[in-house]
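Residues per chain are reported as follows:
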Amino acid sequence: MYPRPVPETAHASRRLYMTLVGAILIVWLAPLFAVILTSFRSMADVMSGNLWGWPTEIAVVENYTAVFTQTPMARYFLNSLVITIPSVVGVLILSTLAGFVLARYRFPGNMLIFALFVGGNFLPHQIMMIPVRDLMVRLNLYDTTTALIIFHVAFQTGFATLFMRNFIAALPDELFQAARAEGATPFQTLIHVVVPLVRPALAALAILLFTFIWNDYFWAVVLTVSDDVKPVTAGLANLRGEWVSAWNLISAGTIIVAVPPVVMFFLMQKHFIAGLTMGAVKG
Amino acid sequence: MTSLWRRHRWWLTPTLLILPGAVLFAVVILASSVQSLWISLHDWDGFGPMVWIGLGNYRELMDDPQFYVSLKNNVIWLVMFMLAPPIGLAIALLVNQKIKGMRLVKSMFFIPLVLASVAVGVVFTWVYTPEFGLLALIFRAFGANAPALLSDEHFVTFAIVVAALWSQIAFCMVLYLAGLNNLSEELIGAGRVDGARGWNMLRHIVLPQLTQVTFIAIAVTVVGALRSFDMISVMTRGGPFGSSSVLAYQMFEQSIFSYRFGYGAAIASVLFVIMAVFITWYLTRIIRAEERGA
Amino acid sequence: MTFNRIERSLSRRTFLKGTAAVSAALSGFPIPAIAQSSEVTIISAESNANTAEVLRRIAADFQKAAGTKVVVNNMDHEADKTAIRNYLVAGAPDVCFWFSGNRMRAFVTRGLFDDISDVFEKEKYADVLGATAGSVTVDGKQYGLPTGGTLWGMFYRKDVFDEHGLTAPASWEEFLAFGEKCKSANLTPVAMGTKDLWPAAGWFDQMNLRINGLDKHFALMNGEMAYTDETLKPVFDHWEELIKQGFFTPDHTSFGWQEAGAFLAQKRAGMMNLGAFVRAAFPQQDLPQLTFAPFPVIDDGLGRYEEFSLNSVHIPANAKNKSGAREFLTHFYKPENLAAYLEPGGNVPPRNDLPASKDPLVNAAVESLKAVAGTSQFYDRDTDPDMAQAGLVGFQEFMARPERRDAILQRLEGTRRRIFKL
């Protein structure tokens, strides 16, 4: 192990080490703590400029209630779910199919298709902005959640296919040979051999995709305008325009935007990290 | 019909399976990108007729001072973002210990990674706010007045990059932690026997084993730097007077606020070319690795 | 420009939208409105929730009376400015709200707004509208109805003025003296927040109107005058004088107009150039203190020209139910309905036959407008939108770095030449 472990017997050094790490952690997360604290502050404190002193009263319930009842944040939150969940499901299906084919079938152009998926995934979003926006207008989908779902599914399929292809390629060959020997069709192989084995990969991918899509801001701004469609990220930016100095409410709104990915992360931490590092560690 | 299907299904099924993903990706992502290159050769306000002007937009770009400001800021982003892999590695080394409570500490360090960049932008806008912000508070503790970073044309980009680094460092740290878990105990042990310690150990024994991780970390950092848009949009909208804009934001501003879709597409195309250099480098490495593996 | 957005913050704070949120949630996917001929669809962009509510009520009344289904889609104010370019072409509503003057003309010349001169004639609107009719007229034809206006001026707190013995400056000398007095009382003479760019352009408009008058201002707006023209030199000279003497909020690029408005409300600044919507930055109990004076006179020889932004309502050329839309407009434009619509936002009525408002600021604006020789709307409404974007950034930069004046004006001149194809 590197660096050399602090010996288990050296209790004092262990405690000292943890104190040091804890101190660094507090500095690291200071901006976040500040926002959380502010979201507890009452309007009176904010108005009188008491942003860093001890709060004169805890207004956590009032602030979060206000965000949900006096701003369209609840609606934005729902929109985000309506956009994110179908997108994730869509990407998982398409990328499993495409990844399976790219991993298990040799055909001319296999590498080219793979390279296009990978390369397209790195494109700057702005290069597609105008045509995608135009496409959605022509399909009469501009300013609908469907437009965002279509875009996210299309774009994330690039990354997800790379991911699934690598995972399926690493599955033992014998399984596929056995399936072929038994006369299984490609579709049967997919359903009975691949799908049961890629579940961990799907879990890892799902949490990653959830985070990516939930956190998207650019396409939310480009493809939506009305409150009935806007996801939380664009909604938060809107909120800031309206509630300029109401720091406590903006902070509460920020926390609401941040919570779902953080919760997902803590629930599925193993999968998340496995997903992120799969490419890196595979070598 | 059935026999036709039977005879051809060995290639028909795979084709049908890959088709939905490939078509969607090709139409929405790849075709759109190519179409942007085409639009960049026109004068177009987004809803009137498109007027062919050849390289006119690019010629104008060459004379546009804002373009150079954006380009310069893109370079600042790229250079400063390169701090993310080493700092990420440092934190990873710090927390790579099996002590009670360390697991939770690690998770806490990861948090900025999953935060929406919009949220990070809001958080840091506030940190930088003159008079009320966290930074102002710290400065006041030392009896000084904090500069209004976000309205200073010289500091503004650096201030935004620092905010963006927060999550990028967390990203690199995750990658390195996974890498550290896969180190060869034998090599480390052998190094210890040879008396390698601290920096020497890191430099000659650990880092060589982390090459692949470093490659990925640099790749995601480059992409992250060139993609910077959200934070700028949220924190300054390119201001004051365009001094914190980058190509991605300038493109958005020209298209959406000035209704200059052709010019916007030209800016996006330049960004695309810069990115293409990187993508080519990345792809050749990946494909070479694939071929070696296969 | 966002000056309608403001009141949203005020009203949202006091007005629970619970029911609206629930019904919106139940409606699920927004389905593009497929208008049948018996239906009138309206797109509005009210940022004031109370105004939007009144509009819905007016629509419901109309639905009951005429038996025509009315659908109101209220969009985000800023977003509507880009979305309208899409929906006027593909999927137009039957009625939409927009800005009169140059911004309307851009769509009229593209044939996207319907000629409603027939409604004007039938309802004899010309008689009640007076000068404001000009803002919706292109080549003698009317393409919309003016809804309500914002008169710009120098807003201040009466109690602050009393406390420090200040008076609203009427001339340039008085203005300079006013600034000195403010500074010695530890007040910023003029609250300014240029983070959203446009407030700086508002200041430019006021100075140019006072120094060069309306005709020359419009020559510049229409791209007929160079930004490097000598005529503009005194405008920037005067402006620079103010900047150098510290008239404006320091670090103004860090603040939105709401934050700058808060400086005024918190008695930390003397005056602020804005519309009556500055009230959004004031706590309810301080509102009676708020009042305004016209921008000081600089050249006695010029008529009094003011900035007066007028919103409007239109029928898109691609609307499916134009006769229904006409009926709705006539209903909406009845004095009692228009008055109800204008009340929450405190906008100035375009018709001269509305009952006096309960809002003293509105009545003061109406009075003030009577003495006005001519009006412009606002920099980003009067000039080409592409030019406006460049100009807004340029003016912000000038306020922060006045020494770069020549470079900025050269740049704007280059933009003007490109846009107006010179």
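Residues numbered from 1 in each chain as written. Chains lettered and ligands numbered in written order. Predicted model: local features only at pLDDT ≥ 70, side-chain atom pairs only at ≥ 80, totals over all residues.

Undergrad: How would you sum up the overall build of chain A? Please name residues and give values.
TA: A tally of regular secondary structure across chain A gives 14 helices and 0 strands. Counting from the amino terminus, chain A carries its helices and strands in the arrangement α-α-α-α-α-α-α-α-α-α-α-α-α-α. Taken over C-alpha atoms, the radius of gyration comes to 24 Å for chain A, far larger than the 19 Å a tight globule of 283 residues would show. In chain A, which comprises 283 residues, the share counted as buried stands at 54%. (Helix = DSSP H or I, 4+ residues; strand = E, 2+ residues; numbered from the N terminus. Rg over C-alpha atoms; globule rule 2.2 N^0.38 Å. Buried ≥ 20, exposed ≤ 12 C-beta atoms within 10 Å, placed from the backbone.)

Undergrad: Describe the overall build of chain B, listing the residues and the values that go with them.
TA: Looking only at helices and strands, chain B has 14 helices and 2 strands in total. A compact globule built from 294 residues would reach a C-alpha radius of gyration of about 19 Å, whereas chain B, at 24 Å, exceeds it by more than 25%. Taken along its principal axes, the extent of the C-alpha atoms in chain B is 75 × 70 × 30 Å. Nonlocal contacts in chain B, meaning residues at least 24 apart in sequence, comprise 67% of its contacts between residues at least 6 apart. (Contact = placed C-beta atoms within 7 Å.)

Undergrad: Account for the sheet that holds strand β9 (residues 269–274) of chain C, with residues named and values stated.
TA: Residue and element names in this part refer to chain C. In space, the 4 strands of this open sheet follow the order β8-β9-β7-β10, with mixed pairing throughout. Both outer strands of the open sheet, β8 (188–190) and β10 (290–293), are each paired with one neighbouring strand and no more. When the angles between neighbouring strand axes are averaged without regard to direction, this sheet yields 30°. Where strand β7 (residues 153–157) meets β9, 4 bridges bridge the pair, whose relative direction is antiparallel. Bridging from a neighbouring strand, Gly153 pairs with Leu274 of β9. Here helix α9 (residues 172–184) sits on the sheet in contact with β8 and β9, set at roughly 150° to β8. Contacts between helix α12 (residues 257–265) and the sheet are confined to β7, β8 and β9, with β9 contributing the most and set at about 145° to the helix. (Pairing = 2+ DSSP bridges. Axes fitted to C-alpha atoms, helices over the stretch in contact; angles between N-to-C directions.)

Undergrad: Explain the interface of chain B and chain A to me, using residue names and the numbers behind them.
TA: Contact with chain B, which involves 82 residues of that partner, is made by 82 residues of chain A. In terms of residues, the side of chain B that touches chain A owes the most to one element, helix α1 (residues 2–39) of chain B, which gives 18 residues. Looking at the side of chain B that touches chain A residue by residue, the class counts come to 61 nonpolar, 17 polar and 4 charged. (Nonpolar A, V, L, I, M, F, W, Y, C, P; charged D, E, K, R; others polar.)

Undergrad: Mind laying out the nonpolar core, listing which residues take part and the relevant values?
TA: Side chains of a nonpolar character, in soluble globular proteins, are inclined to be buried together. Counting residues in each nonpolar core, the largest one holds 173 residues, and the members touching the most others are Phe151 and Leu205 of chain A together with Ala119, Met173, Val174, Tyr176 and Leu271 of chain B. Sorting elements by how many residues they give to this core places helix α8 (residues 156–181) of chain B first, with 18 residues. Discounting residues that sit within four places of it in the chain, Tyr176 of chain B has contacts with Gly88, Leu89, Ala92, Leu210, Val213 and Ala217 of chain B. Core analysis: the next-biggest nonpolar cluster, separate from the first, contains 69 residues, Phe155, Ala201, Leu264 and Ala280 of chain C among them. (Core = buried A, V, L, I, M, F, W, Y, C linked by C-beta atoms within 7 Å.)

Undergrad: Describe unusual backbone geometry, and please don't skip the residues or the numbers.
TA: Across residues other than glycine, the phi torsion is negative in most instances, and most of the peptide bonds are trans. Residues and elements named next belong to chain B. Positive phi outside glycine occurs at Phe241, with the angle close to 35°. The residue Phe241 is located in the loop between α12 (230–235) and α13 (247–257) in this model. Residue Phe241 is classed as buried on the basis of its 27 C-beta neighbours within 10 Å. With phi around 55°, Tyr259 is a residue other than glycine that occupies positive phi space.

Undergrad: How would you summarise the domain arrangement of chain A if you had to cite specific residues and measurements?
TA: Residues and elements named next belong to chain A. Split by domain assignment, chain A resolves into domain 1 (11–67) and domain 2 (69–282). Of the residues lining the interface, 14 residues belong to domain 1; the matching set on domain 2 comes to 14 residues. Among the elements of the structure, α1 (11–38), α2 (43–47) and α3 (60–70) are those that each provide at least two residues to the side of domain 1 that touches domain 2. In terms of residue count, the dominant contributor to the side of domain 1 that touches domain 2 is α3 (5 residues). A breakdown of the residues in the side of domain 1 that touches domain 2 according to their chemical character gives 9 nonpolar, 4 polar and 1 charged. (Domains from an automatic or database assignment.)

Undergrad: Run through the packing of helix α6 (residues 126–138) of chain A against α13 of chain B, naming residues and quoting values.
TA: Between two packed helices, what matters for the description is the angle formed by their axes and the separation of those axes. Where α6 of chain A contacts α13 of chain B, the axes come no closer than 9 Å and their chain directions differ by 25°. Comparing their axes, α13 of chain B and α6 of chain A come out roughly parallel. Facing α6 of chain A, whose interface residues are Gln126, Met129 and Ile130 of chain A, α13 of chain B presents Ala248, Met251, Phe252 and Ser255 of chain B. (Parallel < 35°, antiparallel > 145°, perpendicular 65-115°, else oblique.)

Undergrad: Outline α3 of chain A, listing residues and values.
TA: Residues and elements named next belong to chain A. All buried positions along α3 are accounted for by Asn63, Ala66, Val67 and Gln70. For α3, the angular spread of the buried residues around the axis is 110°, confining them to a single face. With respect to the buried face of α3, the exposed residues turned more than 90 degrees away are Val61 and Thr65. (Arc of directions from axis to C-beta.)

Undergrad: Can you break down the confidence of the model for chain B residue by residue, with the values?
TA: Summing up the model confidence of chain B, the mean pLDDT is 90 and the portion of residues at 70 or higher is 99%. Interface confidence in the predicted complex, given as ipTM, is 0.92; pTM for the same model is 0.87. (pLDDT = per-residue confidence, 0-100.)

Undergrad: Can you tell me about the packing of helix α6 (residues 117–128) of chain B against α8 of chain B, naming the residues and giving the values?
TA: Residues and elements named next belong to chain B. Running from amino to carboxyl end, α6 crosses α8 at an angle of 135°, the nearest separation of the two axes being 10 Å. By the angle between their axes, α6 is oblique relative to α8. Where α6 crosses over α8, the two elements pack in a sense that is right-handed. Residue-level inspection shows Val120, Gly121, Phe124 and Tyr128 of α6 in contact with α8, the latter providing Ala159, Ala163, Trp166 and Ser167. Across the contact of α6 with α8, the residue classes tally to 6 nonpolar, 2 polar and no charged. (Left-handed = near helix turned anticlockwise from the far one by under 90°.)

Undergrad: I'd like a description of the environment of His314 of chain C, backed by residues and values.
TA: Residue and element names in this part refer to chain C. The residue His314 is located in strand β11 (residues 305–314) in this model. A count of 28 C-beta atoms within 10 Å places His314 in the buried class. Between the alpha carbons of His314 and Ala260 there is a distance of 34 Å; along the sequence they are 54 residues apart. Apart from residues no more than four positions distant in its own chain, His314 is found in contact with Cys96, Trp98, Phe113, Tyr143 and Gly144.

Undergrad: Summarise the pairing of β7 of chain C; cite the residues concerned and give the values.
TA: All names here are of chain C. Across the 5 residues of β7, 5 count as buried, placing the element largely inside the fold. Relative to β10, β7 runs antiparallel, the two being bridged by 4 bridges. Its bridge partner lying in β10, Met154 is registered against Ala293.

Undergrad: Go over the pairing of β9 of chain C with me, naming the residues and quoting the values.
TA: Residue and element names in this part refer to chain C. Counting buried residues along β9, 6 of its 6 residues qualify, which places the element largely inside the surrounding structure. In the sheet, β8 pairs with β9 via 2 bridges, with the strands oriented parallel. The residue of β9 that forms the bridge with Val190 is Met271.

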